[in-house]
Amino acid sequence: MSRGIPRHALLHHFFTSFKWPFPYNYEASQLLALGNSQPFLLDTLLAVAASHLRHHSVVKQPSRLAEQSQGSLALNGFRAALQRPRDDPKTAEAIVLTALFLNVLFFSAVEDDDPAKSWIFSRQPDRLAWLSLQLGFKPLVMSTNAFRRDDVFTDVFCLPQVFYYIRLCSRYTGLCSRTTAVFPLHWQHLFGSDGHKGRVFHDPARVALHLSHIEPTCDNFFLYCKFFVVMDIELRFRDLLEREDERAVWLFGYWLGLLNRFQFWWTGLRVRMEWTAIRLWLDRRGVRGRSMTWIKLMRDLDTAAEWPQPAQEEPDEVTDMDHVQLPWPRRCQEVDSWVHC
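Residues numbered from 1 in each chain as written. Predicted model: local features only at pLDDT ≥ 70, side-chain atom pairs only at ≥ 80, totals over all residues. Heavy atoms only, no water.

An unreviewed UniProt entry lists the chain under the name Transcription factor domain-containing protein, with Ophiocordyceps polyrhachis-furcata BCC 54312 given as the organism.

Shown next, in the form of structure tokens:
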């Protein structure tokens, strides 16, 4: 029995009221069968169902209690699973799926979009815990590659496409000469003199700039999430956010603005809160009054959510790399109820 809402009611809600947030088709029956054999996965699915109910309920207390109860069970079970061997394909699959849904759960764990509650205005030591969880997904997937069944998860996790894009970015390490030519000049001024730190900003900045031209359809949402994929696994970018490095904060805010093009139930409040808070934080530091570079950067940040993109004053210089055809779907073939629930 889950506190607030019975488990069977949460399970019914999960499989009837919305589709789960992933491209390609992973049958509900497969997910349920895996959850029955791996209880920590099932607990996580029920916690996500409770979160969905909380976001859509007028009376939120029952769903909030269920979300907290199931979330606690899910985290305890997930931690225990990570301590056990992962050489069984079902266990490896369940661990990765659980991590995915925990990311959804933590991202959605806000009550409103009040920017005063953003991490950027918090002094709590765990203020970026929700982001650290997102960044931990990539190394977890990579650590289970050898044990997961390729016929199920190679396509589901788009690994060939992800690694293709990582290789594409890694061909242009550093920020100099031909590499920076793909950035607008004011972006070059922000990121172009970082020395060794340039490698921390370069790949996420390239991805963000590329995504600004990608239509915000339901299929393409998962392309927007690749911003996390190209971040360094040493968490240097996260550490720069912790230290309130203005370059990292601006770039993170720009990506959040891009993400605000979507109105998913589990992203909307968090994205609006953090994007608005970052713009307020930068304004309070007076960046718009420093230079024309910052005026243009803040214009980009303010308009990041707009689609189609606002007209540019002048076309940006690009290299032929910007015209490489990436192996990604571009349009959504059907309306996904996960998007609109």
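Novice: Help me understand the overall build of the chain, please; the structure alone is not making it clear to me.
Specialist: The number of helices and strands found in the chain is 19 helices and 0 strands. In the chain, buried positions account for 53% of the 341 residues. Of the contacts made within the chain by residues no fewer than 6 positions apart, 77% connect residues no fewer than 24 positions apart. Split by element, the accessible area of the chain, about 15,500 Å² in all, is 54% carbon and sulfur. (Helix = DSSP H or I, 4+ residues; strand = E, 2+ residues; numbered from the N terminus. Buried < 20%, exposed > 50% of the residue type's maximum accessible area, 1.4 Å probe, protein only. Contact = heavy atoms within 4.5 Å. Areas by Shrake-Rupley, 256 points an atom, 1.4 Å probe, with all protein chains shown as cover.)

Novice: Would you explain the nonpolar core in this entry?
Specialist: Here is a general trend for soluble globular proteins: nonpolar side chains tend to be buried in one another's company. Within the largest apolar cluster, 89 residues are counted, with the highest numbers of intra-cluster contacts made by W250 and F252. Top contributing element to this core by residue count: helix α5 (residues 89–107), with 11 residues. Mapping this core onto the domain boundaries places at least three of its residues in each of domain 1 (7–109) and domain 2 (159–303). Apart from the residues within four sequence positions on either side, W250 is in contact with W187, L190, F191, L282, W294, L297, M298, D300 and L301. (Core = buried A, V, L, I, M, F, W, Y, C linked by side-chain atoms within 4.5 Å. Domains from an automatic or database assignment.)

Novice: Sorry, what's going on with the side chain of H202 here?
Specialist: Here H202 is to be found in helix α12 (residues 198–211). Within the local environment of H202, its side chain forms a polar contact with the side chain of D203, the two groups lying 3.1 Å apart. (Polar contact = N/O pair within 3.5 Å; in protein donor to acceptor, adjacent residues only side chain to side chain.)

Novice: I'm lost on the packing of aromatic side chains in this one. Help?
Specialist: Aromatic rings considered in pairs are described by the distance between their centres and by the relative angle of their planes. Scanning the model with the defined rule gives 24 aromatic pairs in all. An angle of 85 degrees between the planes, with centres 5.1 Å apart, marks the rings of W187 and W250 as edge-to-face. Separated by 63 residues along the polypeptide, W187 in helix α11 (residues 185–191) and W250 in helix α16 (residues 246–259) bring together distant segments of the chain. This pair shows no difference in class: W187 is buried, exactly as W250 is. Both rings, one in F227 and one in F237, keep their centres 6.3 Å apart while their planes meet at 90 degrees; by these two values the pair is edge-to-face. On the criterion of sequence distance, the pair formed by F227 in helix α14 (residues 226–229) and F237 in helix α15 (residues 236–242) is long-range, its members being 10 residues apart. Neither residue differs from the other here; F227 and F237 are each classed as buried. (Phe/Tyr/Trp six-rings, centres within 6.5 Å; stacked < 30°, edge-to-face > 60°.)

Novice: Looking at this structure, how should I read the pattern of salt bridges?
Specialist: Two side chains bearing opposite charge may form a pair once their charged atoms approach each other closely. Here the structure, examined in full by the defined rule, presents 18 salt bridges. A salt bridge links E67 to R54; the shortest N-O distance between them is 2.5 Å. One end of the pair, E67, is in helix α4 (residues 61–83); the other, R54, is in helix α3 (residues 39–56), with 13 residues separating them in the sequence. Between R54 and E111 there is a salt bridge, with its nearest N and O atoms 3.6 Å apart. With R54 in helix α3 and E111 in the loop between α5 and α6 (129–135), this pair connects stretches of sequence that are 57 residues apart. (Salt bridge = Lys/Arg side-chain N within 4 Å of Asp/Glu carboxyl O.)

Novice: Hey, could you run me through the environment of F147 in this one?
Specialist: Residue placement: F147 occurs in the loop between α7 (137–143) and α8 (150–156). Placed 57 residues apart in sequence, F147 and K90 show a C-alpha to C-alpha distance of 8.7 Å. The contact partners of F147, leaving out residues within four places of it in the chain, are R86, D87, D88, P89 and A92.

Novice: I keep staring at the packing of α3 against α4 and nothing clicks. Help me out?
Specialist: At a minimum axis distance of 8 Å, the contact between α3 and α4 shows a crossing angle of 155 degrees. The angle between the axes of α3 and α4 places the two elements in the roughly antiparallel class. Of the two possible hands of crossing, α3 and α4 adopt the one that is left-handed. The residues of α4 that touch α3, namely those facing F40, D43, T44, L46, A47, A50, S51, L53 and R54, are S63, R64, A66, E67, Q70, G71, L73, A74, G77, F78 and A81. Residues of the contact of α3 with α4, tallied by class, amount to 10 nonpolar, 6 polar and 4 charged. (Axes fitted to C-alpha atoms, helices over the stretch in contact; angles between N-to-C directions. Parallel < 35°, antiparallel > 145°, perpendicular 65-115°, else oblique. Left-handed = near helix turned anticlockwise from the far one by under 90°. Nonpolar A, V, L, I, M, F, W, Y, C, P; charged D, E, K, R; others polar.)

Novice: Please explain the packing of helix α2 (residues 28–37) against α3 as it appears in this structure.
Specialist: Two numbers describe a pair of packed helices, the interaxial angle and the distance between the axes. Running from N to C, α2 and α3 point in directions that differ by 125 degrees, and their axes come no closer than 5 Å. With respect to their mutual orientation, α2 and α3 come out oblique. Counting all contacts with α2, which are made through L31, L32, L34, G35, N36 and S37, the residues of α3 involved are P39, L41, L42 and L45. A per-class count over the contact of α2 with α3 returns 7 nonpolar, 3 polar and no charged.

Novice: How should I be thinking about helix α17 (residues 268–284) in this particular structure?
Specialist: Along an α-helix, residues three or four positions apart point the same way, because every turn accommodates 3.6 residues. For α17, with 17 residues, the first-to-last C-alpha span of 24 Å sits near the 24 Å given by 1.5 Å per residue. Of all 17 residues that make up α17, 12 are buried, and the element is covered over most of its length. Restricting attention to buried positions, one finds in α17 the residues G268, L269, R270, V271, M273, E274, W275, A277, I278, R279, W281 and L282. Check the buried side of α17 and you find it contacts α3, α5, α6, α16 and α18 (292–302). Backbone geometry just downstream of α17 places G286 in the positive-phi region, at approximately 75 degrees. (Expected span 1.5 Å × (residues − 1).)

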